[in-house]
Amino acid sequence: MSIRKFFRRKEKASKAKAATPQTQSPQTVHAVPKPREFHVANNNSASTPSQQSQSQSQSQSQSRLPPQLPSTGAPIPEELLPVITLINHQQTRKYYSGSALYSEDAQNWNEAAFDLVGNDISIHSDLEDPIIINICDCEVSLDSQNPLLFSISITNKSVIFFQLHSEHEVPSFYSAILLCKFEYQHLQQAYTGALLSSQAIHYSDIKTLLSPNNKNIKEEWCVVRFPFLNDKWVRCLVVVKPNNKVEIYSSSSKTKKCLLATINNGISTYTIYPNDPSQILNNSLLRVYAHTYINESLLNSILNDDTKSSLNTDSIISKPKSKSRSRANSFTITKRLSSLSLRSQDSAPLSSTPSGTPSIISRSNSRSNSRNHRRLLSVDTSLSIDTTVSDSSFSNSKKSILKTHLVYLIPESHPSVKPCEIMLRLLIPLLNSFTLYGRPAKFISSKTDKNSLLFGLPQLPNTYYLSTSSAEQLVRLNMDNAKRENWTSSDWILILKELLGKLMENGWTGGSYVGDLGALNVNLPANRGNDNRLPSYDPMEDFIDRSSTATSVLA
């Protein structure tokens, strides 16, 4: 079954279900609030039965009209309505509320109350203004020494530390963050699948674009950003190859000297819902989570040269009044990239100046190196990659290579082509290259397949993937393994996916699960991270010309 047929059948089923009376189940159902209705009474004249029937028929005809985009009046595609409803509900879901000590340097601690609502942690302290942390892209880490302490890495130099009051609170808060990240990612993937089914099907060359035999190399000029490393958008040439490899060049000269980054072993790739239905067709933001190797010296030279950096986020971001630790808040880029609604913000933390205008502050902390950002040894021979962070390099190394996981891409606009179409035409070759979600053979539309864009998608009236109690129970069962094996947030997302798959295999259809999760025997997959696709990959082979290096060493 195609993704398009899946959403059409799901929409018809939801309409049929709404038409038949439902009995109240004993479980708590979180219903999406209906829009407020305003009735104006006219006491001067009474309406006749014919007028009442006429007004009733008009109201019924109006109720049959599909929802429309606020700015253009165009109807929202039916395939997008269920997913948009679930995304809006997730952004208002309250995952946790409590109090703890927090610090930005692990030395000066302040007592504060905090709430996790949607994707934002709001920290309220009597000593300073509220702080909002968007956790969509953050890395959450447990401390192996102090069981009450864990950290949220926003960038490789910006970390917020939390110290809870008891060990019982740690799994509760930690599981709430992980569940929030899990639901956000999978809802965005489902939105991507719905967008493909509603838009890509109308392209004239869609059969060629989706053909498994399409091995063409895709090249697209984009603005690129590595959120854990910098806060600037850099204009680059993105080259998507069909063999699990993406190359990013700083110029049209596709030489090793201009090679800025290589990407392989993609774990997830999807677009982001712009939070405004009117911007769906104008949004072209892509989020790629994969193994990314970056030429550090070339990146620094581009960032230090304002003529080479395409965008500085200071000039295009509308800063909030409160302090914000976020890389995923909404702002709009100017016409240079066409009107795109994005979810990204400065990677450096913001603080309020005396005038009330936020300013970027740069902090360095010995404990702030995230596992999403590792420095690799640059040597003339093969490069060995491990999970440890090292700032050293050998004397005869030629380039310093950084490893990160998160990349944002925005394709440049084309005349008379909608940004959404440009993005989808780049997304499909990326999925083909990384072999994600069933590509390049065929998109997987089954909700029970872990490799599907629609895996575990809730069906209304259920509005969430897992309950907070199920997530907390899973975290408590695996807390010791996570500390011993240094699990990352992506590892926790994998095991949450395994739990959801086990529940669906046992006939679970949504809502709160009542039972012992330990009996399900949920384990982390052995091939986590898809590292087995390029087991012997040496990134230095892409960045350094071996023949010239060997000649210089012999000389």
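Just so it is clear, the model here is predicted, and its values are computed rather than measured. Per chain, the residues get numbers from 1 upward, laid out in the order the sequence is written. Totals for whole chains, interfaces and linings use all residues, but because this is a predicted model, local features are given only for residues with pLDDT of at least 70 and pairs of side-chain atoms are given and counted only at 80 or more. Hydrogens and water molecules were not included; the side-chain quantities draw on all heavy atoms of the structure.

**Student:** How do you make sense of the packing of aromatic side chains when you look at a structure like this?
**Tutor:** Two aromatic rings are characterised by how far apart their centres lie and by the angle between their planes. We call Phe, Tyr and Trp rings a pair once their centres come within 6.5 Å, taking the six-membered ring for Trp, and we label the pair stacked below 30 degrees between planes, edge-to-face above 60, and tilted otherwise. On inspection of all chains with the given rule, the structure shows 12 aromatic pairs. Ring plane angle 70 degrees and centroid distance 4.9 Å describe the contact between Trp-487 and Trp-492, whose orientation is recorded as edge-to-face. Here the term buried applies to any residue with accessible area under 20% of the maximum for its type, exposed to any over 50%, and partly exposed to those in between, with areas from a 1.4 Å probe on protein chains only. With relative accessibility at 5%, the residue Trp-487 sits in the buried group. Trp-492 gets classed as buried once you look at its relative accessible area, which sits at 0%. Members of the aromatic cluster, each reached through a chain of ring pairs, are Tyr-96, Phe-114, Phe-150, Phe-162, Phe-173, Tyr-174, Trp-487 and Trp-492. A ring has a charge above it when a Lys NZ or an Arg CZ is no more than 6 Å from the ring centre and no more than 35 degrees off the ring normal. Sitting over the ring of Tyr-464, Arg-93 keeps its end group 4.6 Å from the ring centre.

**Student:** It is not clear to me how the pairing of strand β11 (residues 259-271) should be interpreted in this structure. Could you clarify?
**Tutor:** The side chains of a regular strand alternate, residue by residue, between the two faces of the sheet. When you tally the buried positions in β11, you get 12 out of 13 residues, the bulk of the element. The pairing of strand β10 (residues 245-249) with β11 spans 4 bridges and is classified as antiparallel. Counted as the bridge partner of Ile-248 is Ala-261 from β11. Of the strand pairs in this sheet, β11 and strand β12 (residues 286-295) are connected by 8 bridges, and their pairing is antiparallel. Only DSSP runs of H or I covering at least 4 residues are called helices, and only runs of E covering at least 2 are called strands; the numbering of each starts at the N terminus. At least two bridges found by DSSP between two strands are what make those strands a pair.

**Student:** Sorry, what's going on with helix α4 (residues 169-199) here?
**Tutor:** An α-helical segment advances 3.6 residues per turn. Residues three or four places apart therefore align on the same side. Between the first and last residue of a helix there are one fewer steps than residues, each counted as 1.5 Å, and that sum is the expected span. Across its 31 residues, α4 extends 45 Å between first and last C-alpha, which sits within 8% of the 45 Å expected from 1.5 Å per residue. Within α4, 30 of the 31 residues are buried, leaving the element largely enclosed by the surrounding structure.

**Student:** Help me understand the environment of Gly-266, please; the structure alone is not making it clear to me.
**Tutor:** Assignment of secondary structure puts Gly-266 in strand β11. Under the relative-accessibility criterion, Gly-266 is labelled buried at 0%.

**Student:** Sorry, what's going on with the pairing of strand β2 (residues 110-117) here?
**Tutor:** With 8 bridges joining them, strand β1 (residues 94-103) and β2 adopt antiparallel strand pairing. Within β2, the residue paired with Ser-97 across the bridge is Asp-115. Between β1 and the antiparallel strand that follows it, β2, lie 6 residues; Ala-106 among them carries a positive phi value of about 60 degrees. In this antiparallel pair of consecutive strands, β2 and strand β3 (residues 120-124), the connection spans 2 residues, and Gly-118 shows a positive phi of 65 degrees.

**Student:** What exactly am I supposed to notice about the packing of α4 against helix α8 (residues 468-485) here?
**Tutor:** Axis angles are defined between N-to-C directions and span 0 to 180 degrees, where every axis is a line fitted to C-alpha atoms and, for a helix, only to the segment in contact. For the pair α4 and α8, the least separation of the axes is 8 Å and the interaxial angle reads 115 degrees. Classified by the angle between their axes, α4 and α8 sit roughly perpendicular to one another. For the pair α4 and α8, the sense of crossing is right-handed. Residues Val-170, Pro-171, Ser-172, Tyr-174, Ser-175, Leu-178 and Leu-179 of α4 form the contact with α8, whose own contacting residues are Thr-468, Ala-471, Glu-472, Val-475, Arg-476 and Met-479. Comment on the angle field: the value is read as roughly parallel under 35 degrees, roughly antiparallel over 145, roughly perpendicular from 65 to 115, and oblique elsewhere. Handedness of each helix crossing follows the sense of rotation of the near helix against the far helix: counterclockwise by less than a right angle gives left-handed, clockwise gives right-handed. Throughout, a contact is declared for two residues whenever any of their heavy atoms are within 4.5 Å.

**Student:** Help me out: how do you make sense of the environment of Pro-411 in this one?
**Tutor:** Here Pro-411 is to be found in strand β20 (residues 401-411). Judged by relative accessible area, which is 2%, Pro-411 ranks as buried. Between the C-alpha atoms of Pro-411 and Val-238, which are 173 residues apart in sequence, the distance is 9.0 Å. Not counting chain neighbours up to four residues away, the residues in contact with Pro-411 comprise Glu-220, Trp-221, Cys-222, Ser-284, Ile-422, Met-423 and Leu-426.

**Student:** Can you help me understand the packing of α4 against helix α7 (residues 419-434) in this one?
**Tutor:** Packed helices, taken two at a time, are described by the angle between their axes plus the distance between the axes. The interhelical angle for the contact between α4 and α7, taken along N-to-C directions, is 110 degrees, at an axis separation of 11 Å. Considering their axes alone, α4 and α7 lie roughly perpendicular with respect to each other. The chirality of how α4 crosses α7 is left-handed. Residues Thr-192, Leu-195, Leu-196 and Gln-199 of α4 lie in contact with α7, whose contacting residues are Cys-420, Met-423, Leu-424, Leu-427 and Ile-428. Here the term charged refers only to Asp, Glu, Lys and Arg, the term nonpolar to Ala, Val, Leu, Ile, Met, Phe, Trp, Tyr, Cys and Pro, and the term polar to all other amino acids, Gly among them. Classifying every residue of the contact of α4 with α7 gives 7 nonpolar, 2 polar and no charged.

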